[in-house]
Amino acid sequence: MKNRFIAATVFNCGIFVLTLFSIISTIVGFQFMDNTTWEFSASNLAAFRYFTVDSNILAGIVALVYLVYSVRQKKNTLPRWLSFLKLAATTGVTLTMMVTVCFLAPVSDRGFFALFKNSNLFLHFLIPVLCIVSFIFFEPVEKQLRFSHTLIGILPMFIYSIYYTTNVLLHLENGKPTFQYDLYGFLGGKLSNIWFVMPAIYLITWLFSLGLWFGNKKIVSKSN
(Lines give C-alpha, C1' and ligand atoms only; values in the text may rest on other atoms or scores of the structure.)
Protein backbone atom coordinates (compact mmCIF):
# COMPACT_ATOMS: atom_id res chain seq x y z
CA MET A 1 0.00 0.00 0.00
CA LYS A 2 2.77 2.44 0.95
CA ASN A 3 4.76 1.68 -2.20
CA ARG A 4 1.67 2.20 -4.31
CA PHE A 5 1.03 5.55 -2.62
CA ILE A 6 4.61 6.65 -3.31
CA ALA A 7 4.43 5.51 -6.94
CA ALA A 8 1.13 7.31 -7.54
CA THR A 9 2.54 10.48 -5.96
CA VAL A 10 5.65 10.34 -8.16
CA PHE A 11 3.59 9.70 -11.29
CA ASN A 12 1.21 12.58 -10.60
CA CYS A 13 4.08 14.93 -9.77
CA GLY A 14 5.59 13.98 -13.11
CA ILE A 15 2.30 14.56 -14.92
CA PHE A 16 1.85 18.00 -13.38
CA VAL A 17 5.45 19.17 -13.90
CA LEU A 18 5.67 17.90 -17.48
CA THR A 19 2.30 19.45 -18.31
CA LEU A 20 3.36 22.80 -16.90
CA PHE A 21 6.67 22.72 -18.79
CA SER A 22 5.04 21.57 -22.03
CA ILE A 23 2.25 24.14 -22.03
CA ILE A 24 4.60 27.01 -21.24
CA SER A 25 7.02 25.78 -23.93
CA THR A 26 4.19 25.56 -26.44
CA ILE A 27 2.83 29.03 -25.68
CA VAL A 28 6.21 30.80 -25.79
CA GLY A 29 7.48 28.72 -28.71
CA PHE A 30 10.43 27.20 -26.85
CA GLN A 31 12.04 24.36 -28.80
CA PHE A 32 14.74 22.02 -27.54
CA MET A 33 14.73 19.68 -30.53
CA ASP A 34 14.22 20.25 -34.27
CA ASN A 35 12.04 23.05 -35.57
CA THR A 36 8.54 21.55 -35.47
CA THR A 37 6.34 24.65 -35.36
CA TRP A 38 4.60 23.31 -38.48
CA GLU A 39 3.41 20.10 -36.84
CA PHE A 40 0.15 20.63 -34.93
CA SER A 41 1.55 23.32 -32.70
CA ALA A 42 0.95 27.02 -32.22
CA SER A 43 2.35 29.68 -29.97
CA ASN A 44 0.44 32.10 -27.78
CA LEU A 45 -3.26 31.54 -27.12
CA ALA A 46 -3.72 29.83 -30.51
CA ALA A 47 -2.31 26.69 -28.88
CA PHE A 48 -5.57 26.20 -26.97
CA ARG A 49 -7.46 25.37 -30.15
CA TYR A 50 -5.88 21.92 -30.11
CA PHE A 51 -7.44 19.10 -28.11
CA THR A 52 -3.90 17.93 -27.36
CA VAL A 53 -3.22 21.05 -25.33
CA ASP A 54 -6.63 21.15 -23.67
CA SER A 55 -6.66 17.47 -22.68
CA ASN A 56 -3.16 17.66 -21.23
CA ILE A 57 -4.03 20.77 -19.24
CA LEU A 58 -6.98 18.88 -17.78
CA ALA A 59 -4.69 15.96 -16.93
CA GLY A 60 -2.22 18.32 -15.25
CA ILE A 61 -4.94 20.02 -13.20
CA VAL A 62 -6.42 16.69 -12.11
CA ALA A 63 -2.95 15.44 -11.17
CA LEU A 64 -2.49 18.51 -8.97
CA VAL A 65 -5.90 17.95 -7.37
CA TYR A 66 -4.90 14.34 -6.73
CA LEU A 67 -1.63 15.40 -5.08
CA VAL A 68 -3.33 17.91 -2.79
CA TYR A 69 -6.03 15.40 -1.83
CA SER A 70 -3.73 12.41 -1.30
CA VAL A 71 -1.15 14.32 0.72
CA ARG A 72 -3.79 15.87 2.97
CA GLN A 73 -5.65 12.59 3.41
CA LYS A 74 -2.42 10.55 3.45
CA LYS A 75 -3.90 7.94 1.11
CA ASN A 76 -4.11 7.38 -2.61
CA THR A 77 -7.53 5.72 -2.75
CA LEU A 78 -9.70 7.85 -5.00
CA PRO A 79 -13.09 9.08 -3.76
CA ARG A 80 -15.90 8.87 -6.30
CA TRP A 81 -15.62 12.50 -7.47
CA LEU A 82 -11.87 12.27 -8.01
CA SER A 83 -12.14 8.94 -9.81
CA PHE A 84 -14.55 10.62 -12.26
CA LEU A 85 -12.01 13.38 -12.92
CA LYS A 86 -9.18 10.87 -13.30
CA LEU A 87 -11.13 8.75 -15.75
CA ALA A 88 -12.14 11.76 -17.86
CA ALA A 89 -8.64 13.24 -17.92
CA THR A 90 -6.89 9.95 -18.63
CA THR A 91 -9.32 9.10 -21.41
CA GLY A 92 -8.71 12.52 -22.98
CA VAL A 93 -4.93 12.15 -23.16
CA THR A 94 -5.25 8.52 -24.25
CA LEU A 95 -7.33 9.70 -27.19
CA THR A 96 -4.71 12.37 -27.93
CA MET A 97 -1.92 9.81 -27.99
CA MET A 98 -3.75 7.21 -30.05
CA VAL A 99 -5.02 9.69 -32.66
CA THR A 100 -1.46 10.94 -33.05
CA VAL A 101 0.06 7.46 -33.26
CA CYS A 102 -2.58 5.90 -35.51
CA PHE A 103 -3.87 8.81 -37.62
CA LEU A 104 -1.77 11.97 -37.61
CA ALA A 105 1.82 10.72 -37.42
CA PRO A 106 1.51 8.10 -40.20
CA VAL A 107 0.35 10.72 -42.73
CA SER A 108 2.72 13.49 -41.64
CA ASP A 109 4.79 14.71 -44.58
CA ARG A 110 7.60 15.47 -42.13
CA GLY A 111 7.90 11.90 -40.92
CA PHE A 112 6.22 9.86 -38.19
CA PHE A 113 8.36 11.13 -35.30
CA ALA A 114 7.91 14.82 -36.15
CA LEU A 115 4.84 14.83 -33.91
CA PHE A 116 6.87 13.59 -30.98
CA LYS A 117 9.42 16.38 -30.77
CA ASN A 118 9.73 19.35 -28.43
CA SER A 119 6.69 19.81 -26.20
CA ASN A 120 4.77 17.30 -28.33
CA LEU A 121 7.04 14.55 -27.00
CA PHE A 122 5.37 15.07 -23.63
CA LEU A 123 1.88 16.05 -24.81
CA HIS A 124 1.51 13.26 -27.38
CA PHE A 125 3.30 10.47 -25.56
CA LEU A 126 4.94 10.74 -22.13
CA ILE A 127 2.13 12.44 -20.22
CA PRO A 128 -0.57 10.10 -21.63
CA VAL A 129 1.55 7.06 -20.75
CA LEU A 130 2.12 8.33 -17.20
CA CYS A 131 -1.62 8.96 -16.79
CA ILE A 132 -2.57 5.50 -18.08
CA VAL A 133 -0.03 3.61 -15.98
CA SER A 134 -0.84 5.57 -12.82
CA PHE A 135 -4.61 5.14 -13.17
CA ILE A 136 -4.51 1.43 -13.94
CA PHE A 137 -1.74 0.30 -11.58
CA PHE A 138 -1.49 2.78 -8.70
CA GLU A 139 -4.82 4.58 -8.13
CA PRO A 140 -7.49 2.37 -6.55
CA VAL A 141 -10.98 3.79 -6.11
CA GLU A 142 -12.86 3.80 -2.81
CA LYS A 143 -16.18 2.91 -4.41
CA GLN A 144 -16.03 0.91 -7.62
CA LEU A 145 -17.13 2.76 -10.74
CA ARG A 146 -20.10 1.28 -12.56
CA PHE A 147 -20.15 0.43 -16.25
CA SER A 148 -22.37 3.44 -16.95
CA HIS A 149 -19.74 5.74 -15.46
CA THR A 150 -17.46 5.01 -18.42
CA LEU A 151 -19.51 7.57 -20.37
CA ILE A 152 -17.84 10.23 -18.23
CA GLY A 153 -14.68 9.61 -20.22
CA ILE A 154 -16.36 11.06 -23.31
CA LEU A 155 -17.09 14.46 -21.73
CA PRO A 156 -13.81 16.27 -22.54
CA MET A 157 -14.01 15.24 -26.21
CA PHE A 158 -17.73 16.00 -26.36
CA ILE A 159 -17.19 19.52 -25.04
CA TYR A 160 -14.28 20.06 -27.43
CA SER A 161 -16.29 18.70 -30.37
CA ILE A 162 -18.93 21.39 -29.83
CA TYR A 163 -16.24 24.05 -30.22
CA TYR A 164 -14.60 22.21 -33.13
CA THR A 165 -17.74 21.65 -35.21
CA THR A 166 -19.07 25.14 -34.51
CA ASN A 167 -15.77 26.64 -35.66
CA VAL A 168 -15.87 24.53 -38.84
CA LEU A 169 -19.48 25.45 -39.63
CA LEU A 170 -18.86 29.16 -39.11
CA HIS A 171 -15.95 29.18 -41.55
CA LEU A 172 -17.20 27.14 -44.51
CA GLU A 173 -15.97 28.08 -47.98
CA ASN A 174 -18.44 27.33 -50.75
CA GLY A 175 -20.21 25.01 -48.35
CA LYS A 176 -17.06 23.01 -47.62
CA PRO A 177 -14.93 22.82 -44.46
CA THR A 178 -11.40 24.19 -44.74
CA PHE A 179 -8.29 22.61 -43.28
CA GLN A 180 -7.57 25.88 -41.50
CA TYR A 181 -10.50 25.15 -39.17
CA ASP A 182 -10.85 21.39 -39.62
CA LEU A 183 -7.52 21.25 -37.79
CA TYR A 184 -7.13 17.50 -37.77
CA GLY A 185 -8.51 16.91 -41.24
CA PHE A 186 -11.19 14.58 -39.93
CA LEU A 187 -13.79 15.79 -42.43
CA GLY A 188 -11.52 15.56 -45.47
CA GLY A 189 -13.07 18.62 -47.09
CA LYS A 190 -16.60 17.15 -47.06
CA LEU A 191 -19.15 18.51 -44.62
CA SER A 192 -21.31 15.39 -44.97
CA ASN A 193 -18.54 13.36 -43.31
CA ILE A 194 -19.42 14.95 -40.01
CA TRP A 195 -22.41 12.61 -39.63
CA PHE A 196 -20.26 9.52 -39.23
CA VAL A 197 -16.92 11.02 -38.17
CA MET A 198 -18.17 12.55 -34.93
CA PRO A 199 -20.12 9.44 -33.77
CA ALA A 200 -17.05 7.36 -34.61
CA ILE A 201 -14.84 9.60 -32.48
CA TYR A 202 -17.29 9.38 -29.58
CA LEU A 203 -17.34 5.59 -29.89
CA ILE A 204 -13.55 5.34 -29.99
CA THR A 205 -13.26 7.66 -27.01
CA TRP A 206 -15.76 5.56 -25.06
CA LEU A 207 -13.81 2.40 -25.87
CA PHE A 208 -10.68 3.97 -24.39
CA SER A 209 -12.66 4.97 -21.31
CA LEU A 210 -14.03 1.44 -21.07
CA GLY A 211 -10.54 -0.03 -21.29
CA LEU A 212 -9.22 2.26 -18.56
CA TRP A 213 -12.19 1.49 -16.31
CA PHE A 214 -11.72 -2.23 -16.81
CA GLY A 215 -7.98 -2.02 -16.20
CA ASN A 216 -8.40 -0.05 -12.99
CA LYS A 217 -11.13 -2.38 -11.78
CA LYS A 218 -9.27 -5.62 -12.48
CA ILE A 219 -5.76 -4.56 -11.46
CA VAL A 220 -5.32 -1.89 -8.80
CA SER A 221 -8.82 -1.59 -7.34
CA LYS A 222 -9.29 -5.36 -7.13
CA SER A 223 -6.17 -5.68 -4.98
CA ASN A 224 -7.21 -2.78 -2.72
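Please read these numbers as outputs of a predicted model, since none were measured by experiment.

## Considering unusual backbone geometry
Apart from glycine, the bulk of residues carry a negative phi angle, and the bulk of peptide bonds sit in the trans form. Although it is not a glycine, Asn118 adopts a positive phi angle of roughly 55 degrees. Here Asn118 lies in the loop between helix H3 (80-104) and helix H4 (119-137). According to the relative accessible area criterion, Asn118 is buried, its value standing at 3%. One non-glycine residue, Asn174, adopts positive backbone phi at about 55 degrees. Topologically, Asn174 is positioned in the loop between helix H5 (155-169) and helix H6 (194-218).

## Points about the layout of surface pockets
Here the largest pocket defines a volume of roughly 220 Å³. Lining the largest pocket, in full, are Phe51, Asp54, Ser55, Leu58, Phe84, Leu85, Ala88, Ile152, Leu155, Pro156, Ile159 and Tyr160. Sorting the residues of the lining of the largest pocket by element identifies helix H2 (51-73), H3 and H5 as the ones contributing at least two each. Looking at the lining of the largest pocket residue by residue, the classes come out as 10 nonpolar, one polar and one charged.

Parameters at a glance
Residues numbered from 1 in each chain as written. Predicted model: local features only at pLDDT ≥ 70, side-chain atom pairs only at ≥ 80, totals over all residues. Heavy atoms only, no water. Helix = DSSP H or I, 4+ residues; strand = E, 2+ residues; numbered from the N terminus. Buried < 20%, exposed > 50% of the residue type's maximum accessible area, 1.4 Å probe, protein only. 1 Å grid on protein atoms, 1.4 Å probe; cavity = no way out; pocket = protein on both sides within 12 Å on 5 of 7 lines; lining within 4 Å. Points joined across faces, edges and corners; volume = space filled by probe spheres on them. Nonpolar A, V, L, I, M, F, W, Y, C, P; charged D, E, K, R; others polar.

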